[in-house]
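Observations on the model geometry
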Amino acid sequence: MTTEGKKHAVIRNWRDQEPRVGHINAVVWGMLGSANTEGEKEDLHCMQGIAGIAKHAVQSGKGTDYHSHPDAEQVYCILKGNGVMFIDDERRPVREGDIVYLPPNCKHQMLNESDDWVEHYIITCTVPNSD
């Protein structure tokens, strides 16, 4: 990210990242993370205001865990497919092209009730703990 104190742009493609399993049933490709993370790859952890960006994919008939983030807000960008999100116990359909904002402490879960994968980016921003 830096060359003698100067910041530079970073371009990453999800196809070049090694996926992992996260939130029980999602395949996750870490894309960019917070510059405040020590000991990690410098080009991955370059963002100063955003905590992370990751691509998630949930296969047909699966869902993620129902969880919340007390110190983060998130934006889901639905890239492919149709799914259902439970947001604070309310069932909400989502589809390709939708953007979903989740404030801190908002419980959420992605479910894929379709016959294809649901793919989405998640942008996470750290905020002061609102408890």
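Residues numbered from 1 in each chain as written. Predicted model: local features only at pLDDT ≥ 70, side-chain atom pairs only at ≥ 80, totals over all residues. Heavy atoms only, no water.

Let us now look at the overall build of the protein. Scanning the protein from terminus to terminus reveals 0 helices and 12 strands. For the protein, the N- to C-terminal ordering of α and β elements is β-β-β-β-β-β-β-β-β-β-β-β. Relative to its full complement of 131 residues, the protein shows a buried share of 38%. Taking the intrachain contacts of the protein between residues at least 6 apart in sequence as the baseline, contacts between residues at least 24 apart amount to 63%. Total accessible area computed for the protein in this model is approximately 7800 Å², and 48% of it derives from carbon and sulfur atoms. (Helix = DSSP H or I, 4+ residues; strand = E, 2+ residues; numbered from the N terminus. Buried < 20%, exposed > 50% of the residue type's maximum accessible area, 1.4 Å probe, protein only. Contact = heavy atoms within 4.5 Å. Areas by Shrake-Rupley, 256 points an atom, 1.4 Å probe, with all protein chains shown as cover.)

On to the packing of aromatic side chains. Tallied over the entire structure, the rule returns 1 aromatic pair. In this structure, Lys-55 packs its charged tip against the face of Trp-14, placed 3.8 Å from the ring centre. Taking the ring centre of Trp-29 as reference, the NZ or CZ of Lys-55 above it sits at 4.4 Å. (Phe/Tyr/Trp six-rings, centres within 6.5 Å; stacked < 30°, edge-to-face > 60°. Lys NZ or Arg CZ within 6 Å of the ring centre and 35° of its normal.)

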